Amino acid sequence: MGAHRTTRLPPDWQATPDALRDRVVLVTGAGGGLGRATALAAANSGAQVILLGRKVPQLEKVYDSVAALGRMQPAIYPMDLSGATPKDYFDLAETIAREFGRLDGIVHAAAHFESLRAASGIAADEWERSLHVNVSAPFLLTQASSALLAQAADASVVFVLDDLDRVSRAHWGGYGVSKHALGALASILHDEWDNTSVRVHTALPPPMRTALRRAAYYGENTMQLPTPEEFAPAIVYLLSSAGATARGSVLDLRAE
């Protein structure tokens, strides 16, 4: 898995109402952006969605939107990834096992980005927060959930990347470093789990109309960018059985 192993969404694939039927999917960063869009798309495809995020009011709004679809009832799991401990992740996995009895997918959509800043000016706590939320948290959450995922006949873990060429440039700091590390983590997990029932995927969306994008590009009119809702069906593809053909590669969602 990496920059040299990419794939595209099949042009004829669509997220059907039963694409994720009977699956339980955990979405981090579910309060907004791609996380919110993915939660809605997954629920609309039949999944029971667990909404993880740090801001309860935002999660409650997403909960209401998912519930309004009339499919499986979602669940809210508040967690601030920046301060979470290994025990918190294992407690989460135990709660999912107790309440739902299974876990078929995780979408790591949560991301932390403060601002563009020269490396010499990054405060130590800000650097550590970027690395923790963007790399350590996905690893620890996946590790804690691995036994539960392995019980599923077909499970998938989806990591959301960023354009590594772009975030390798000046001023991207901890966020840029963390996205490189996240890609490496996904590659390692794929090699370790390639012969198991747990698939590892990475998705590379283009610039989207999100708060993170606005924070990085102050003068840009983000209203001209596509919305996360346009790319959420691609995440459903990776969570579904159809996504097995994309196992171990980067699903590139940028324009060709």
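Scroll up to find the structure.
S.K.: Which parts of the structure should I look at to understand the overall build of the protein?
M.R.: Check the secondary structure of the protein and you find seven helices and eight strands. Here the protein has a C-alpha radius of gyration of 17 Å; the compact-globule value for 256 residues is 18 Å, and the two agree. Considering only C-alpha atoms, the protein reaches an extent of 50 × 40 × 40 Å along its principal axes. The proportion of buried residues among the 256 residues of the protein is 50%. Of the contacts formed within the protein by residues at least 6 apart in sequence, a portion of 76% connects residues at least 24 apart. In the form shown here, the protein has an accessible surface area of approximately 11,700 Å², with 51% of it arising from carbon and sulfur atoms. With 23 positive and 27 negative side-chain charges, the protein shows a separation of 3 Å between the mean positions of the two kinds.

S.K.: Help me understand the packing of aromatic side chains, please; the structure alone is not making it clear to me.
M.R.: Geometry of an aromatic ring pair is reported as the spacing of the ring centres plus the angle between the planes. Tallying each qualifying case throughout the model produces four aromatic pairs. Between the aromatic rings of F113 and Y175, the centroid separation amounts to 5.5 Å while the plane-to-plane angle is 80 degrees, which identifies the pairing as edge-to-face. Here F113 is found in the loop between strand 5 (105-108) and helix 4 (124-150), whereas its partner Y175 is found in helix 5 (residues 173-193), with 62 residues between them in sequence. You can call Y175 buried: its relative accessible area is 5%. Taking 5.8 Å as the distance between ring centres and 40 degrees as the angle between the ring planes, the aromatic pair formed by W172 and Y175 counts as tilted. Each member of the pair W172 and Y175 is classed as buried. Taken together, the ring pairs connect F113, W172 and Y175 into an aromatic cluster.

S.K.: Where do I start with the pairing of strand 4 (residues 75-78) in this structure?
M.R.: When a strand is regular, its side chains alternate between the sheet's two faces. Burial along strand 4 is one-sided: the face carrying A75 and Y77 is buried and the face carrying I76 and P78 is not. Both strand 3 (residues 48-53) and strand 4 contribute to a ladder of four bridges, which runs parallel. Considered in strand 4, the bridge of I50 is made with A75.

S.K.: Where do I start with helix 7 (residues 232-239) in this structure?
M.R.: Note that an α-helix has 3.6 residues per turn; residues three or four places apart therefore point the same way. In terms of residue burial, helix 7 counts as a mostly covered element, since seven of its eight residues are buried. Residues of helix 7 that are buried include every one of A232, A234, I235, V236, Y237, L238 and L239, and no others.

S.K.: Can you walk me through the sheet that holds strand 2 (residues 24-28) in this structure?
M.R.: As a general point, the strands of a sheet are linked pairwise by backbone hydrogen bonds and lie either parallel or antiparallel. Ordered in space as 1-8-7-6-5-2-3-4, the eight strands form an open sheet in which the pairing is parallel. At either margin of the open sheet sits one strand with a lone partner, and together these are strand 1 (6-7) and strand 4. The sheet contact formed by strand 5 and strand 6 (residues 155-160) spans four bridges and is parallel. Paired with I106 across the bridge in strand 6 is V157. Where helix 2 (residues 56-67) meets the sheet, its contacts fall on strand 3 and strand 4, and the angle it forms with strand 4 comes to roughly 165 degrees. Relative to the sheet, helix 5 contacts strand 6 and strand 7 (198-204), its axis offset from that of strand 6 by approximately 160 degrees.

S.K.: Where do I start with the pattern of salt bridges in this structure?
M.R.: Two side chains with opposite charge may pair up if their charged atoms get near one another. One pass over the structure, following the stated rule, counts 13 salt bridges. One salt bridge in this structure joins D22 and R21, with 3.4 Å as the shortest N-O distance. Each member of the pair, D22 as well as R21, carries the same accessibility label: exposed. When the shortest N-O distance is used, the salt bridge between D154 and R199 registers 2.9 Å. A residue pair is termed long-range when its members are at least 10 positions apart, and D154 in the loop between helix 4 and strand 6 and R199 in strand 7 qualify at 45 residues.

What counts, and at which threshold
- Residues numbered from 1 in each chain as written.
- Predicted model: local features only at pLDDT ≥ 70, side-chain atom pairs only at ≥ 80, totals over all residues.
- Heavy atoms only, no water.
- Helix = DSSP H or I, 4+ residues; strand = E, 2+ residues; numbered from the N terminus.
- Rg over C-alpha atoms; globule rule 2.2 N^0.38 Å.
- Buried < 20%, exposed > 50% of the residue type's maximum accessible area, 1.4 Å probe, protein only.
- Contact = heavy atoms within 4.5 Å.
- Areas by Shrake-Rupley, 256 points an atom, 1.4 Å probe, with all protein chains shown as cover.
- Lys, Arg positive; Asp, Glu negative; His and termini not counted.
- Charge placed at Lys NZ, Arg CZ, Asp CG, Glu CD.
- Phe/Tyr/Trp six-rings, centres within 6.5 Å; stacked < 30°, edge-to-face > 60°.
- Pairing = 2+ DSSP bridges.
- Axes fitted to C-alpha atoms, helices over the stretch in contact; angles between N-to-C directions.
- Salt bridge = Lys/Arg side-chain N within 4 Å of Asp/Glu carboxyl O.

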